[in-house]
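Coordinate inspection notes
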Amino acid sequence: MTSPVLTAAETRAAEQALFDAGITPVDLMERAGAGAAEAIVARFPAQEVLVACGPGNNGGDGYVVARHLAERGWPVRVAALAEPATDQARAMRAQWAGPVEAMPAVVPPLVVDALFGIGARALDPALARWLDTVPAVIAIDQPSGIDTDTGAARGRAAAAALTVALGALKPVHAIMPGAGLCGPVAHVPIGLPLSERAMLARIAPPALRAPDATSNKYTRGKVVVVAGAMQGAAFLAAEAAQRSGAGYVELVGDDVPFGAPFALVRRAWDASVLEDKRIGAVVIGPGLDASDTSRVRLEAALAIACPVVLDAGALTQLASDKDALASRLRGDDREKVRLLTPHAGEFERLFGPVGGDPLAAVRAAAAKTGALVLLKGATSILAAPDGRALVGPIASPWLSTAGTGDVLAGVCGTMLAQAAWHGFDPLEAVGAAIWLHARAAELAGPALIADDLLWSLKRAVAKA
Ligand SMILES: NC(=O)C1=CN([C@@H]2O[C@H](COP(=O)(O)OP(=O)(O)OC[C@H]3O[C@@H](n4cnc5c(N)ncnc54)[C@H](OP(=O)(O)O)[C@@H]3O)[C@@H](O)[C@H]2O)[C@H](O)CC1
Ligand SMILES: [K+]
């Protein structure tokens, strides 16, 4: 249910493993360039193209792509920013039979960007501008100049028409803004050993187990949502927990009104509501105000052993004493699963600004607190205290509307309550929730409101 994502250094180590096994750098480059050309002809009709080659091995790939496109009848021009500087790039340059020109001043309509890959420093601004004005760019391995390991744009502004990721997905393909600037990503395997235990992975559709004849409402997960003053938010979280498959959802608060959905159990708050051993997860924060009553509820939730999802108002309360976060969240019990689900503003209040390397920031927050930390955004990032991390698909921009975070909190509650049933560890369970939420948004389409996600969640579960 995930695809490994390798840093530049991990990619180089994986390549080295192939070299150690006897594959030559030239063979590997041929494989990479041929695979890239294949991915291009599968997506674009034959047309005039300029292949722009840099001095390193990304440029080397470019000469291979040029040869394969020309062999398939494409009118290909090749331009070199600088002469090849590695043995394999020189070998590939020698195999290109056509002319090699200097980088043209006039921008052509279609350019294969084989200038820099994982070895790139930030581009000269004039080169970044040149690339950004090309109507359609096909990026080899990654768009030149973007930071491979953080996804930071470093002066690049225009999205590629296609990025051909060679061998491994890297953070640049998965984390915003880089992921957006890659455009559609075609992953071309070149035989790199990709460990299933990669420290970073992109979330793929989760393999959810359906209920069977032995299931009952409790085995399917009991989720308790603790309401605060703004009950709409808690209702969204509670119904989202139901629609993502929980067997029993209880909304506890003060004067919780009766009405649809009638399957939602409502109870008046009393600390004893959290004593039921059948509770699989608690969600607290959506609609929670800063009152003393809310504070008491938060403390009660943090005292229980089962997984607790802490969102919105709960995060605001935790931010008031952030130095004590780790002990407040788990006390002495390192087994306790706590999930913090901040957006960037809430993250900043708890941990300081996200900064230019969101993956590192989220990992540091998880390590500091001992909690799972989910930074919500266009590509949500989830990290565990041990450094493992997941990144979500690029989610619909229509999710930027009130209440969608409350829905996600509810789905997280269900997936954590059902984790053992699905065979997920807590990180994978929250990864499944991120995927379901993103898929529900896709199904809900433009101008969605958070309530629409409740219905489309049902269909997202059916597709998982
Ligand atoms: N290892 C393999 O056999 C395979 C690699 N693949 C492809 O290779 C690239 C990575 O290649 P690498 O040579 O390590 O790095 P780059 O081609 O990305 O760039 C390094 C050279 O470019 C110079 N550079 C970097 N940034 C700039 C810049 N902003 N301006 C000018 N010049 C720049 C850099 O110079 P230095 O001074 O920094 O040393 C190098 O000369 C990978 O992405 C794949 O495309 C194949 O995929 C598989 C086989
Ligand atoms: K490139």
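Computed from a prediction, not measured in an experiment: that's the story for all the values here.

1. Side note on the UniProt feature "binding site: K(+)" (unreviewed entry) in the chain
Feature annotation in UniProt assigns "binding site: K(+)" (unreviewed entry) to the following positions: Asn 58, Asp 113 and Ser 144. Spanning 87 residues, the named residues nonetheless gather at one spot, since no C-alpha pair among them exceeds 9.4 Å. The subset of these annotated residues that lines the largest pocket comprises Asn 58. Tracing the chain through its elements places Asn 58 in helix α3 (residues 57–71). Since its relative accessible area comes to 8%, Asn 58 is described here as buried. Contact partners of Asn 58, with chain neighbours within four places excluded, come to Asp 113, Ala 114, Leu 115, Phe 116, Gly 117, Ile 140 and Asp 141. With respect to the element layout, Asp 113 can be found in strand β5 (residues 110–114). If we ignore the near neighbours within four places in the chain, the residues touching Asp 113 are Ala 52, Asn 58, Leu 131, Val 137, Ile 138, Ala 139, Ile 140, Gln 142, Pro 143, Ser 144 and Arg 156. There is a polar contact of 3.0 Å between the side chain of Asp 113 and the backbone nitrogen of Leu 115.

2. Observations concerning the pattern of salt bridges
Scanning the model with the defined rule gives 19 salt bridges in all. Arg 388 is the partner of Asp 386 in a salt bridge, and the nearest nitrogen-oxygen pair spans 2.9 Å. The exposure class assigned to Asp 386 is partly exposed, which follows from its relative accessible area of 48%. For Asp 425, the salt bridge is made with Arg 388, and the minimal N-O distance between the two is 2.9 Å. Of this pair, Asp 425 sits in the loop between α15 (419–422) and α16 (426–444) while Arg 388 sits in the loop between β17 (381–383) and β18 (389–391), and the two are 37 residues apart along the sequence. In this structure Asp 425 comes out as partly exposed when scored by relative accessible area, which is 23%. Assessed through its relative accessible area of 28%, Arg 388 is described here as partly exposed.

3. Thoughts on the coordination of the potassium ion (ligand 2)
On the protein side, the potassium ion (ligand 2) has Asn 58 (OD1), Asp 113 (O), Phe 116 (O), Ile 140 (O) and Gln 142 (O) as donor atoms, found 2.6 to 2.9 Å from it. Along the chain, the residues donating to the potassium ion (ligand 2) are arranged with the sequence spacing N-x54-D-x2-F-x23-I-x1-Q. In this pair, Asp 113 is assigned in strand β5 and Gln 142 in the loop between β6 (136–140) and β7 (162–166), connecting sequence segments 29 residues apart. Taken individually, Asp 113 and Gln 142 each receive the classification buried, so the pair is uniform in this respect.

4. What about the domain arrangement of the chain?
Domain assignment breaks the chain into domain 1 (2–198) and domain 2 (222–463). Spacing between the C-alpha centres of domain 1 and domain 2 amounts to 39 Å. With 8 residues of domain 1 in contact, the opposing surface of domain 2 contributes 11 residues. Both sides of the domain 1 and domain 2 interface together cover about 730 Å² of buried area, and 75% of this is carbon and sulfur. When the buried area of domain 1 at its contact with domain 2 is split by residue, Thr 150, Ile 175 and Met 176 rank highest and sum to 56% of it. Our count for the contact surface shared by domain 1 and domain 2 stands at 1 residue pair in polar contact (both at pLDDT 80 or more). Within the side of domain 1 that touches domain 2, the residues separate by chemical class into 5 nonpolar, 3 polar and no charged.

5. What to know about the environment of Val 111
Within the secondary structure, Val 111 sits in strand β5. Take Val 111: its relative accessible area is 0%, and that puts it in the buried class. For the pair formed by Val 111 and Glu 48, sequence separation is 63 residues and the distance between their alpha carbons is 9.1 Å. Residue contacts for Val 111: discarding those within four places in its chain leaves Leu 50, Ala 52, Trp 130, Val 134, Ala 136, Val 137 and Ile 138.

6. Considerations on the UniProt feature "binding site: AMP" (unreviewed entry) in the chain
With numbering matched to this structure, UniProt assigns "binding site: AMP" (unreviewed entry) to Lys 376, Gly 377, Ala 378, Thr 379, Ser 380 and Gly 405. For the annotated residues, spread through 30 residues, the largest C-alpha to C-alpha distance comes to 13.7 Å, consistent with a single compact locus. Those residues within four positions of Ala 378 in sequence are excluded, and the remaining contacts are Met 176, Pro 393, Ile 394 and Ala 395. Looking at the element boundaries, Ser 380 is found in the loop between β16 (372–375) and β17.

7. Side note on the layout of surface pockets
Here the largest pocket defines a volume of roughly 620 Å³. For the largest pocket, the lining is made up of 30 residues, of which Arg 12, Gly 56, Asn 57, Asn 58 and Ile 118 are closest to its centre. Of all the secondary-structure elements, those providing two or more residues to the lining of the largest pocket are α1 (8–20), α2 (25–41) and α3. Counting residues per element, the lining of the largest pocket draws most heavily on α1, which supplies 5 residues. For the lining of the largest pocket, the per-class residue count stands at 14 nonpolar, 9 polar and 7 charged.

8. Description of the side chain of Gln 418
Relative to the helices and strands, Gln 418 is located in the loop between α14 (404–417) and α15. According to the relative accessible area criterion, Gln 418 is buried, its value standing at 6%. Setting aside chain neighbours within four positions, we find Gln 418 in contact with Arg 220, Ser 244, Gly 245 and Ala 246.

Criteria and cut-off values
Residues numbered from 1 in each chain as written. Chains lettered and ligands numbered in written order. Predicted model: local features only at pLDDT ≥ 70, side-chain atom pairs only at ≥ 80, totals over all residues. Heavy atoms only, no water. UniProt positions renumbered as here; feature names shortened; annotations may be inferred. 1 Å grid on protein atoms, 1.4 Å probe; cavity = no way out; pocket = protein on both sides within 12 Å on 5 of 7 lines; lining within 4 Å. Helix = DSSP H or I, 4+ residues; strand = E, 2+ residues; numbered from the N terminus. Buried < 20%, exposed > 50% of the residue type's maximum accessible area, 1.4 Å probe, protein only. Contact = heavy atoms within 4.5 Å. Polar contact = N/O pair within 3.5 Å; in protein donor to acceptor, adjacent residues only side chain to side chain. Salt bridge = Lys/Arg side-chain N within 4 Å of Asp/Glu carboxyl O. Donors = N, O, S within 2.8 Å, 3.2 Å for Na, K, Ca; no water. Domains from an automatic or database assignment. Buried area = accessible area lost by both parts, 1.4 Å probe. Nonpolar A, V, L, I, M, F, W, Y, C, P; charged D, E, K, R; others polar. Points joined across faces, edges and corners; volume = space filled by probe spheres on them.

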